[in-house]
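# Notes for the structure review
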Amino acid sequence: MEKTIDIGQYVAVAVKWLMKNLRPFFDFIKITGNAGIESIEWALVSVPFYITITLFTLVAWKSAGKRTAAFTLLGLALIYLMGFWEETMQTLALIISSTIIALVIAVPLGIWSAKKQTAQRVIRPMLDLMQTMPAFVYLIPAVLFFSIGKLPGAFATIIFAMPPAVRLTALGIQQVPDDILEAARSLGATQRQILFKVELPLALKTILTGVNQTILLSLSMVVIAGMIAAGGLGEKVLEGINNLDIGLGFESGLSVVILAIILDRITQAFGNKISK
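Note that the coordinates shown come from a computational prediction; the quantities given were computed from them, not determined experimentally. (Residues numbered from 1 in each chain as written. Predicted model: local features only at pLDDT ≥ 70, side-chain atom pairs only at ≥ 80, totals over all residues. Heavy atoms only, no water.)

## Looking at the overall build of the protein
On a plain count of helices and strands, the protein comes out with 14 helices and 0 strands. Beginning at the N terminus, the succession of helices and strands in the protein can be written as α-α-α-α-α-α-α-α-α-α-α-α-α-α. Taking the principal axes of the C-alpha coordinates as reference, the protein spans close to 65 × 60 × 40 Å. Per-residue burial for the protein yields a buried fraction of 43% across its 276 residues. Put simply, of all contacts in the protein between residues at least 6 apart along the chain, 76% involve residues at least 24 apart. Surface exposure of the protein reaches about 15,400 Å², of which carbon and sulfur atoms provide 68%. Side-chain charges of the protein comprise 22 positive and 17 negative groups, with the mean position of each set lying 9 Å from the other. (Helix = DSSP H or I, 4+ residues; strand = E, 2+ residues; numbered from the N terminus. Buried < 20%, exposed > 50% of the residue type's maximum accessible area, 1.4 Å probe, protein only. Contact = heavy atoms within 4.5 Å. Areas by Shrake-Rupley, 256 points an atom, 1.4 Å probe, with all protein chains shown as cover. Lys, Arg positive; Asp, Glu negative; His and termini not counted. Charge placed at Lys NZ, Arg CZ, Asp CG, Glu CD.)

## Some thoughts on unusual backbone geometry
Even without glycine at this site, leucine 244 takes up a positive phi of about 55 degrees. Note that leucine 244 resides in the loop between α13 (233-242) and α14 (246-275).

## Details of the pattern of salt bridges
Side-chain pairs of opposite charge can arise whenever the charged atoms involved come near each other. Summed over all chains, the structure comprises 7 salt bridges. The partner of aspartate 27 in a salt bridge is arginine 23, and the shortest N-O contact between them spans 3.7 Å. One end of the pair is aspartate 27 and the other is arginine 23, both in helix α2 (residues 23-46) and 4 residues apart, which spans about a single turn. Overall, aspartate 27 belongs to the partly exposed group, its relative accessible area being 33%. (Salt bridge = Lys/Arg side-chain N within 4 Å of Asp/Glu carboxyl O.)

## Side note on the confidence of the model for the protein
In this model, the protein carries an average pLDDT of 85, and 97% of its residues clear a pLDDT of 70 or more. Of all helices and strands in the protein, the one with the weakest mean pLDDT is helix α12 (residues 222-226) (76), whereas helix α4 (residues 66-82) scores best (93). (pLDDT = per-residue confidence, 0-100.)

## Points about the side chain of serine 255
Tracing the backbone through its elements, the reader meets serine 255 in helix α14. Overall, the relative accessible area of 0% leaves serine 255 in the buried class. The contact partners of serine 255, leaving out residues within four places of it in the chain, are Ile79, Met82, Phe84, Thr88 and Leu233.

## As for a nonpolar patch on the surface
A cluster of nonpolar residues, Ile96, Ile100, Ile101, Val104 and Ile105, forms a patch on the protein surface that exposes about 410 Å² of accessible area. Assignment of secondary structure puts isoleucine 100 in helix α5 (residues 85-115). (Patch = residues over 30% accessible without salt bridge, like charges linked within 9 Å, V, L, I, M, F, W, Y side chains within 5 Å.)

## Some remarks on the layout of surface pockets
Approximately 930 Å³ is the volume attributed to the largest pocket. In this structure, the largest pocket is lined by 33 residues; those nearest its centre are Tyr138, Pro141, Phe145, Phe155 and Ile159. When the residues that make up the lining of the largest pocket are grouped by side-chain class, the tally is 31 nonpolar, 2 polar and no charged. The computed volume of the second largest pocket comes to approximately 250 Å³. (1 Å grid on protein atoms, 1.4 Å probe; cavity = no way out; pocket = protein on both sides within 12 Å on 5 of 7 lines; lining within 4 Å. Points joined across faces, edges and corners; volume = space filled by probe spheres on them. Nonpolar A, V, L, I, M, F, W, Y, C, P; charged D, E, K, R; others polar.)

## Here's the deal with the packing of aromatic side chains
Under the definition given, this model contains 6 aromatic pairs. Consider the rings of phenylalanine 49 and tyrosine 50, whose centres lie 5.5 Å apart with planes at 80 degrees: the pair is edge-to-face. With a relative accessible area of 28%, phenylalanine 49 lands in the partly exposed category. With 3.7 Å between their ring centres and 10 degrees between their planes, phenylalanine 49 and tyrosine 80 make a pair best called stacked. With a gap of 31 residues between them, phenylalanine 49 in helix α3 (residues 49-64) and tyrosine 80 in helix α4 connect regions that are remote in the sequence. Relative accessible area serves as the criterion here: at 36%, tyrosine 80 is assigned to the partly exposed category. Through pairs of rings, three or more aromatic residues link up here, namely Phe49, Tyr50, Tyr80 and Trp85. The ring of tryptophan 61 carries the charged tip of lysine 62 above its face, separated from the ring centre by 5.9 Å. (Phe/Tyr/Trp six-rings, centres within 6.5 Å; stacked < 30°, edge-to-face > 60°. Lys NZ or Arg CZ within 6 Å of the ring centre and 35° of its normal.)

This is the structure in structure tokens:
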């Protein structure tokens, strides 16, 4: 069937214009972004595995209890014994950097969306688009802007993982009871004081749920990011698929599952403790 409306050509023109006119900006982001991700990765890889496992186990014990601590200890030990420790730390570095950048953008957007109806009308359709667009599509502009490597993987991950944090931040602030806000205003609190001392603390549990979802969605992008040489467990999964190596695919996939469960349990427990 012949096209009657070719929206894609306008998107392509816009991307080409950005590549032509903002190339120094994208190069700067590429250099600084890769440096940041590689610094986190170097820190995680250079620390002896037994120290990292011990720290994760202690954090899990303090936040989520003995069962999660035992699972963390056994799970991370299994990853090391299977030979995927360095790839796991590379994946963790990508998740940490992507999550931090996503939250730096998402939380202010969520606050703005909760405060301004006009902003909500603009932001909400954009979030719908970001969540429903196939994740592979994000790789196209990421590679065009930043070439292949870790940064385009982080770029695609940020776009895919950011919407839940924006939505849940806005929801948490909107659910703050009106009588509490009125009491704060009657005591002479400014809008800034109300935001930082009333609304954000009361919305913290919901916001941390958004953080948890952002982390898990970032982890779900691992394999897709591996397609553009982002490294980590994603590349091992793809290697297993390409070579029809069932053992490699299962072991690398199991490592992703273990890491996901550990991060999920720790962040959930941390959020519950803060809310109490």
